[in-house]
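So you can see what is in the structure, the chains are spelled out below.
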Amino acid sequence: AQSVTQLGSHVSVSEGALVLLRCNYSSSVPPYLFWYVQYPNQGLQLLLKYTTGATLVKGINGFEAEFKKSETSFHLTKPSAHMSDAAEYFCAVSEHGTASKLTFGTGTRLQVTL
Amino acid sequence: DTAVSQTPKYLVTQMGNDKSIKCEQNLGHDTMYWYKQDSKKFLKIMFSYNNKELIINETVPNRFSPKSPDKAHLNLHINSLELGDSAVYFCASSRPSGGTDTQYFGPGTRLTVL
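Notes on the structure follow. (Residues numbered from 1 in each chain as written. Chains lettered and ligands numbered in written order. Predicted model: local features only at pLDDT ≥ 70, side-chain atom pairs only at ≥ 80, totals over all residues. Heavy atoms only, no water.)

Membership of the largest hydrophobic core comes to 27 residues, with the highest contact counts inside it found for Trp35, Leu48, Leu76 and Tyr89 of chain A. Counting only elements with at least two residues in this core, the list comes to strand 2 (10–14), strand 3 (19–21), strand 5 (32–38), strand 6 (44–50), strand 8 (64–68), strand 9 (73–78), strand 10 (87–94) and strand 12 (108–113) of chain A. The greatest single-element share of this core, amounting to 4 residues, is contributed by strand 10 of chain A. Once residues lying within four places of it in the same chain are set aside, the contact partners of Leu48 of chain A are Leu33, Phe34, Trp35, Val57, Lys58, Gly59, Phe63, Glu64, Ala65, Phe74 and Leu76 of chain A. Among the nonpolar cores identified, the runner-up in size contains 20 residues, and Val4, Cys23, Phe47 and Tyr49 of chain B belong to it. (Core = buried A, V, L, I, M, F, W, Y, C linked by side-chain atoms within 4.5 Å. Buried < 20%, exposed > 50% of the residue type's maximum accessible area, 1.4 Å probe, protein only. Helix = DSSP H or I, 4+ residues; strand = E, 2+ residues; numbered from the N terminus. Contact = heavy atoms within 4.5 Å.)

Here you go:
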């Protein structure tokens, strides 16, 4: 069975600082990996995803993530945090199949301070 | 234009009651999903339908019954509500592509069982 571990349930950074949100996965087959963001009282929105090809994936709002098979990681980064980045971030892994059965991590709440 | 919509947004009810949550998507997707997000923000898939056919059915109590009258709609009916059913329920849709598809989430329905 596939699983995702997000280290750090809360991460706090200063505005303008580097954002690093960690995600490690467990999968017996090459994984499909996703980062979703959830703003307060809203649904989830895709930030980026890795399926095949280039291991450095760029997403919306300046975020990017790098798939590292040797480390079974898919960490999310952004060079400079903005106040509007404050949200809950979820890493997820998908099974190969007809439909995406997403298995989510427990989420990381990002706080951005002045 | 709302891509994935859910009604109601909030639902407060007593234990033992029966309630329904409706979901509609106007993205032309073939696959729809129901997720449950608990008080700790943990997200777990409950059901998935592809072209009105049930394809994912996780270990969910029989009190939960999804119904898909057509490709654009997926409703969730819950019988004999219990305190533990209190959560935020998210509907999502996607165009299936072997597990790589992006899921589009609705705004969620916050269910509170008293």
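Enumeration according to the criterion identifies 2 disulfides over all chains in this entry. A disulfide bridge connects Cys23 of chain A with Cys91 of chain A, and the sulfur atoms are separated by 1.9 Å. Disulfide Cys23 of chain A-Cys91 of chain A: torsion about the S-S bond near -65°, hence left-handed. Of the two residues, Cys23 of chain A is situated in the loop between strand 3 and strand 4 (24–26) and Cys91 of chain A in strand 10; the sequence distance between them amounts to 68 residues. Across the disulfide, Cys23 of chain B is cross-linked to Cys91 of chain B (sulfur-sulfur distance 1.9 Å). Every disulfide takes its handedness from the sign of the S-S torsion; for Cys23 of chain B and Cys91 of chain B that torsion is -75°, giving left-handed. (Disulfide = S-S within 2.5 Å.)

The subject of this paragraph is the interface of chain A and chain B. With 26 residues of chain A in contact, the opposing surface of chain B contributes 28 residues. Overall, the association of chain A and chain B removes approximately 2000 Å² of surface from exposure, summing both partners, and the carbon and sulfur fraction of that is 55%. It is Ser100, Lys101 and Phe104 of chain A in chain A that bury the most area against chain B; as a group they hold 24% of the surface buried on that side. Our count for the chain A to chain B interface comes out at 1 salt bridge. Here Lys101 of chain A makes a salt bridge to Glu58 of chain B, at a shortest N to O gap of 2.9 Å. Linking chain A with chain B are 5 residue pairs in polar contact (both at pLDDT 80 or more). Put simply, the parts of the chain that give the side of chain A that touches chain B at least two residues each are strand 5, strand 6, strand 10 and strand 11 (102–104) of chain A. For the side of chain A that touches chain B, the element with the most residues is strand 5 of chain A, which contributes 4 residues. (Buried area = accessible area lost by both parts, 1.4 Å probe. Salt bridge = Lys/Arg side-chain N within 4 Å of Asp/Glu carboxyl O. Polar contact = N/O pair within 3.5 Å; in protein donor to acceptor, adjacent residues only side chain to side chain.)

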